[in-house]
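The chain contents come next:
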Amino acid sequence: MNNNREIIAILRERIPSFECVKGCHDCCGPVTTSSEEMSRLPVKTDAEHEAALDEWNCVHLGPNGCEVYEERPLICRVFGTTPNMPCPNSCRPEEMIDSKTERQIHHYIANTRQVLV
């Protein structure tokens, strides 16, 4: 893996998907992400960030759920796919994320500059 964009793409492919409970946003709290992932998200104002933080929500959480779902950060994608970050509604993929990929994701997060989404 040569660069962060490539690493993110490879890791995203390895994260299993699953259906969430409609209307649930229990995992959509304030999170951090890499500068690379942040550069793919729409820019929000300071007022929008403050309003989201006041509610302990992600700034990209809208009335119908995640407004950046296709570009959501790795940490959002891994939520519910591992026993280490279970969904409070017991939603999960048929097969949970493999431990190697989970370790690689946490390594990436720990070793890149993280910014508040």
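Since we're looking at a predicted model, the values are computed, not measured.

Just to check I follow, could you spell out the environment of His25 for this structure?
Summarising the element assignment, His25 is placed in the loop between helix H1 (4-14) and strand S1 (32-34). Given a relative accessible area of 36%, His25 falls into the partly exposed group. In the structure, His25 is positioned 37 residues away from Gly62 in sequence and 9.8 Å away in space, judged by C-alpha atoms.

Looking at this structure, I do not really get the environment of Asp26. What am I missing?
Among the secondary structure elements, Asp26 is positioned in the loop between H1 and S1. Separated by 63 residues in sequence, Asp26 and Asn89 have C-alpha atoms that sit 8.8 Å apart. Here Asp26 is in contact with Pro88 and Asn89, once residues within four sequence places are set aside.

Even after reading the chapter, I still don't get H1, so can you show me in this structure?
The periodicity of an α-helix, 3.6 residues per turn, causes residues three or four places apart in sequence to face the same way. Taken as a whole, H1 has its buried residues at Ile7, Ile8, Leu11 and Arg12. An end-on view of H1 places all buried positions within 130° of arc, on one side of the element. Capping the start of H1, Asn3 holds a side-chain oxygen 3.1 Å from the backbone nitrogen of Arg5, two or three residues further along.

Even after reading the chapter, I still don't get the pattern of salt bridges, so can you show me in this structure?
Note that side chains of opposite charge can pair when their charged atoms are close. Tallied over the full model, the rule gives 4 salt bridges. Between Glu36 and Arg5 there is a salt bridge, with its nearest N and O atoms 2.9 Å apart. Taken together, the residues Glu36 in helix H2 (residues 35-38) and Arg5 in helix H1 connect sequence positions 31 residues apart. By relative accessible area, which is 48% here, Arg5 ends up partly exposed. Each of Arg12, Arg40 and Glu71 takes part in salt bridges that share partners, so that together they form one network.

Reading guide: rules and limits
Residues numbered from 1 in each chain as written. Predicted model: local features only at pLDDT ≥ 70, side-chain atom pairs only at ≥ 80, totals over all residues. Heavy atoms only, no water. Helix = DSSP H or I, 4+ residues; strand = E, 2+ residues; numbered from the N terminus. Buried < 20%, exposed > 50% of the residue type's maximum accessible area, 1.4 Å probe, protein only. Contact = heavy atoms within 4.5 Å. Arc of directions from axis to C-beta. Polar contact = N/O pair within 3.5 Å; in protein donor to acceptor, adjacent residues only side chain to side chain. Salt bridge = Lys/Arg side-chain N within 4 Å of Asp/Glu carboxyl O.

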